[in-house]
Amino acid sequence: MSLRPDLAIIAANVAAGSRVLDVGCGDGALMAALRDTRQVDARGLELDAGDVAAAVGRGLSVVQGDADTDLADYPDNSFDYAILSQTLQTTRHPDLVLENLLRIGKHAFVSFPNFAHWRVRASLLFGGRMPVTRLLPIAWYATPNIHHVTVDDFRALVQERGIGIEGSWFLSGDQSCGSAMANLFAEHAVFLLRR
Amino acid sequence: MSVDPRYGTGRSVTLPGPLRLDGGVLLSPVDIGYETYGTLAPDGGNAILVCHALTGDQHVASEHPRTGKPGWWTRMVGPGKPIDTDRYFVICSNVLGSCLGSSGPATINPATAKPWGMSFPVITIRDMVRAQAMLLDHLGVDKLFAVVGGSMGGMQALSWAATFPERVASAVVIASAARHSAQNIAFHEVGRQAVMADPKWRGGDYYEDNDPPVAGLAVARMAAHITYLSEAGLTAKFGRKLQSRETKTFGFDADFQVESYLRHQGLAFVDRFDANSYLYITRALDYFDLAEEHGGLLANAFKGADTRFCVVSFDTDWLYPTSESRSVVHALNAAGARASFVELKSPFGHDAFLLESPELDRVVRGFLQAGVA
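Cut-offs applied
Along each chain, residues carry numbers from 1 onward, in the same order as the chain's sequence is written. To read the labels, note that chains go from A and ligands from 1, taken in the order they are written. Thresholds applied to this predicted model are a pLDDT of at least 70 for local features of residues and 80 or more for the giving and counting of side-chain atom pairs; totals over whole chains, interfaces and linings are not thresholded and use all residues. Secondary structure is summarised from DSSP: a helix means a run of H or I of at least four residues, a strand means a run of E of at least two, and numbering begins at the N terminus for each. In this treatment the radius of gyration is a C-alpha quantity, and the globule benchmark scales as 2.2 Å times the residue count to the 0.38 power. With C-beta atoms placed from the backbone, a residue is buried if 20 or more other C-beta atoms are within 10 Å of its own, exposed if 12 or fewer are, and partly exposed between those counts. By definition, residue pairs are in contact when their C-beta atoms, positioned from the backbone, come within 7 Å. By this rule the span expected of a helix is its residue count minus one, scaled by 1.5 Å. Interaxial angle, 0 to 180 degrees, is taken between N-to-C directions of lines fitted to C-alpha atoms, where a helix line uses only the stretch in contact. For classification, angles of less than 35 degrees are called roughly parallel, those exceeding 145 degrees roughly antiparallel, those between 65 and 115 degrees roughly perpendicular, and all remaining angles oblique. Helix crossings get a hand from a simple test, with the near helix turned counterclockwise from the far one by less than a right angle marking a left-handed crossing and a clockwise turn marking a right-handed one. Charged residues are taken to be Asp, Glu, Lys and Arg, nonpolar residues to be Ala, Val, Leu, Ile, Met, Phe, Trp, Tyr, Cys and Pro, and polar residues to be all remaining types, Gly included. Per the annotation, domain bounds derive from an automatic or database assignment of domains. The pLDDT value expresses, per residue, how confident the predictor is, ranging between 0 and 100. Linking buried Ala, Val, Leu, Ile, Met, Phe, Trp, Tyr and Cys residues through C-beta atoms within 7 Å yields a set, and such a set is a nonpolar core. Criterion used throughout: strands pair if DSSP finds at least two bridges between them. UniProt positions are given in the numbering used here, feature names are shortened, and annotations may be inferred rather than shown by experiment. Look down the strands so they point away from you; if going from the first strand over the helix to the second traces a clockwise path, that crossover is right-handed. Read the arc as the range of directions from the helix axis to the C-beta atoms.

**Examining the overall build of chain A**
Next up, step 1: A count of helices and strands for chain A gives eight helices and eight strands.
Next up, step 2: A globule of 195 residues ought to have a C-alpha radius of gyration of about 16 Å, and chain A, at 16 Å, matches this closely.
Next up, step 3: In terms of overall dimensions, chain A has C-alpha extents of about 50 × 35 × 30 Å along its principal axes.
Next up, step 4: Within chain A, the fraction of its 195 residues that count as buried is 44%.

Right, dumping it as structure tokens:
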């Protein structure tokens, strides 16, 4: 089974044998890969009951819950990594979620679709409509993405909060692209953060 | 293996004990009615203890001897089922205090040669678990691959993990709670008072005349049965429909279908259950507060536990609502335990755990299989 590109980046950069909390773990694809290939002790949090049932059905430890409200239940420093993939922009309080990730985990992986990608900009600039793209496929009234964020917005937030960036990866389609122009050319960003 | 008289359906054993109860009494001997299904692996590593609910029994997947009905969890336990008796050695025992072969108020007190009645010591969920541990010793089962239970059975599963963590590899806790709430206690008190208000109860000494307080027990069951259902479920099933009549009778017969249904539930129950056992087991449930047993902090109950947990609730269960399961999960997370939790959708309220639920089957099957090395 092949992982989504952002998940493949995360999977390749998690230390073997570590403890991982995957927030918004979906059906557990990343957790299963981490468990099977890197001997990771993985736990998950997922909102959707069907996804939780699927993940538990494949033998993973997943709790049904909401990143906005249920991360508070996890003790400080209880994981090596907290992972939030494609979920930050759906939370009610992304900044608090980010702080919780770095309270619970020594490191945090965060991936999100970049709202400043040129195609998104073009759609808004020339079409005058909220963008519907490959990574943002749902119309404005139905999208779960309530806090759109750009690469530069995210960099500014972590700098403001004194959070360290240990690594960053940028994707356009399945191809990686450079950091310098990432805010314009990356469809998708992955950051590795530390407290 | 089948020649070993300890294994099979319809078994019972009298263990010498003594069993030290939470109330301070030493109980001896200890009778336990139980059943086993499947074959114990040579290394003993495939044993699953299924714990039954308040009025359940050991006939989890075999015909009930008094009612002739199929076992109460045949959709979960059996060959090829999520708790697969082709793979696992499944044990189910009648809880202490009950009335289908285990020591309880209806059994004979050896000191007086008469039924215990209300002189039977008050028991707790943990006492039930300790009695089950004695049974496992008798069966040659050192460590459980899993302990599984719904409702009061889930409380036993939690109590197992807290009391004998080294003997439990995994625990499945369905539609349950780590303590009885004020509302839970209140409903039980209504039931107990209904039994005790029946003149036939006579302080619990009704065995020798064989004239039990069936009216009181039936009312207790009717009240309790409402808590096992959901309002939406009752409305869908009965609404305001009348029972075998065109109009209201302007009397107090069971005009409504829902009345007729509850009366039937009450009457069917008294044929298979002892009124005093109902008092004792509801008391054990009311006393249950796992946090209280661990310095007021539920997480302490699971500290350092190597047990894997799977907690399941149902969205329409108002007897043991999702919030109770969440507080268990919160404690498990705080203790660093490996825990899974899911709230499943069902229109059927608390009873959902006993009914057809492909999602529950999938969760239980997958969770158990993940524990197979």
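More follows now that the structure is in view.
**Comments concerning the overall build of chain B**
Next up, step 1: Helix and strand counts for chain B come out as nine helices and 14 strands.
Next up, step 2: Computed over the C-alpha atoms, the radius of gyration of chain B is 20 Å, within 12% of the 21 Å expected from 2.2 N^0.38 for a compact globule of 373 residues.
Next up, step 3: Considered along the principal axes of its C-alpha atoms, chain B spans approximately 65 × 50 × 45 Å.
Next up, step 4: Split into buried and exposed, the 373 residues of chain B put 51% on the buried side.
Next up, step 5: In chain B, 70% of the contacts between residues at least 6 apart in sequence involve partners at least 24 apart.

**Quick notes on helix α9 (residues 358-370) of chain B**
Next up, step 1: Taking 1.5 Å as the rise per residue, α9(B) with 13 residues should run 18 Å; its terminal C-alpha atoms sit 18 Å apart, in good agreement.
Next up, step 2: Where α9(B) is buried, its residues touch α3 (49-57) of chain A together with β7 (83-84), β11 (146-150), β12 (170-174), β13 (308-314) and β14 (338-344) of chain B.

**Overview of the packing of helix α4 (residues 214-228) of chain B against helix α6 (residues 257-270) of chain B**
Residue and element names in this part refer to chain B.
Next up, step 1: Interhelical geometry of α4 versus α6 gives an angle of 125° and a closest axis separation of 8 Å. When the interaxial angle is binned, α4 and α6 end up oblique. The crossing of α4 and α6 is right-handed. On α6, the residues that touch Val214, Leu217, Ala218, Val219, Arg221, Met222 and His225 of α4 are Leu262, Gln265, Gly266, Leu267, Phe269 and Val270.
Next up, step 2: The residue inventory of the contact of α4 with α6, partitioned by class, reads nine nonpolar, three polar and one charged.

**What about the domain arrangement of chain B?**
Residues and elements named next belong to chain B.
Next up, step 1: For chain B, the assigned domains read domain 1 (5-181 + 290-370) and domain 2 (184-282).
Next up, step 2: For domain 1 versus domain 2, the separation of C-alpha centres amounts to 25 Å.
Next up, step 3: Opposite the 26 residues of domain 1 that make contact, domain 2 presents 23 residues.
Next up, step 4: A class-by-class count of the residues in the side of domain 1 that touches domain 2 yields 13 nonpolar, 11 polar and two charged.

**A closer look at the confidence of the model for chain B**
Next up, step 1: With 99% of its residues at a pLDDT of 70 or more, chain B has an overall mean of 96.
Next up, step 2: The ipTM assigned to the predicted complex is 0.87, against a pTM of 0.93.

**Let's talk about the nonpolar core**
All names here are of chain B.
Next up, step 1: By size, the foremost hydrophobic cluster in this structure holds 167 residues, and its most contacted members are Ile48, Val50 and Ala171.
Next up, step 2: Mapping this core onto the domain boundaries places at least three of its residues in each of domain 1 (5-181 + 290-370) and domain 2 (184-282).
Next up, step 3: Excluding its chain neighbours within four sequence positions, the residues that come into contact with Val50 are Val60, Trp73, Val77, Ile83, Val90, Cys92, Val148 and Gly149.

**A short note on the interface of chain B and chain A**
Next up, step 1: Counting residues at the interface gives 22 residues for chain B, matched by 15 residues for chain A.
Next up, step 2: Among the elements of the structure, β13, α8 (322-334), β14 and α9 of chain B are those that each provide at least two residues to the side of chain B that touches chain A.
Next up, step 3: Residue classes in the side of chain B that touches chain A are distributed as 10 nonpolar, six polar and six charged.

**Notes on the pairing of β13(B)**
Residues and elements named next belong to chain B.
Next up, step 1: Judged by how many residues are buried, β13 sits mostly within the fold: seven of seven residues are covered.
Next up, step 2: Of the two faces of β13, the one lined by Arg308, Cys310, Val312 and Phe314 and the one lined by Phe309, Val311 and Ser313 are each fully buried.
Next up, step 3: Where β12 and β13 come together, five bridges link them in parallel fashion. Along β13, the bridge assignment pairs Ala171 with Phe309.
Next up, step 4: Judged from the seven bridges that link them, β13 and β14 form a sheet pairing that is parallel.

**Some remarks on the UniProt feature "binding site: substrate" (unreviewed entry) in chain B**
All names here are of chain B.
Next up, step 1: Following the UniProt record, the feature "binding site: substrate" (unreviewed entry) maps to Arg221 and Asp351 here. The greatest C-alpha distance among the residues just named is 14.0 Å, despite their covering 131 residues of sequence, which places them together in space.
Next up, step 2: In this fold, Arg221 is placed in helix α4.
Next up, step 3: We classify Arg221 as buried; it has 22 C-beta atoms within 10 Å.
Next up, step 4: Discounting chain neighbours no more than four positions away, the residues touching Arg221 are Gln265, Gly266 and Phe269.

**Looking at the pairing of β12(B)**
Next up, step 1: Among the five residues in β12(B), five count as buried, and that is most of the element.
Next up, step 2: Between the parallel elements β11(B) and β12(B), the chain passes through helix α2 (residues 152-163) of chain B in a crossover that is right-handed.

**Focus: the UniProt feature "active site" (unreviewed entry) in chain B**
All names here are of chain B.
Next up, step 1: According to UniProt, the "active site" (unreviewed entry) feature falls on Ser151, Asp317 and His350. The named residues occupy 200 residues along the chain; their greatest pairwise C-alpha distance, 10.6 Å, places them in one compact cluster.
Next up, step 2: By C-beta crowding, Ser151 is classed as buried, having 27 other C-beta atoms within 10 Å.
Next up, step 3: Those residues in contact with Ser151 that lie beyond four places of it in its chain are Ala53, Leu54, Ala175, Ser176, Tyr320, His350 and Phe353.
Next up, step 4: Its location among the elements puts His350 in the loop between β14 and α9.

**Quick look at the packing of helix α3 (residues 182-197) of chain B against helix α7 (residues 275-287) of chain B**
All names here are of chain B.
Next up, step 1: Where α3 meets α7, the closest approach of the two axes is 10 Å, and the angle between their N-to-C directions is 160°. Between α3 and α7, the angle falls in the class roughly antiparallel. α7 is crossed by α3, and the crossing has left-handed handedness. Listed contacts from α7 to Ile185, His188, Gly191, Arg192 and Val195 of α3 are Ala275, Tyr278, Leu279, Thr282, Leu285 and Asp286.
Next up, step 2: In terms of residue class, the contact of α3 with α7 is made up of six nonpolar, three polar and two charged.

**A closer look at α3(B)**
Residues and elements named next belong to chain B.
Next up, step 1: The terminal C-alpha atoms of α3 lie 22 Å apart, and with 16 residues this matches the ideal 22 Å at 1.5 Å per residue to within 8%.
Next up, step 2: All of the buried residues in α3 are His188, Gly191, Ala194 and Val195. Projected onto a plane normal to the axis of α3, the buried residues spread over an arc of 115° and lie on a single side. Structural note: α3 exposes Ala182, Gln183 and Ala186 on the side pointing more than 90 degrees away from its buried face.

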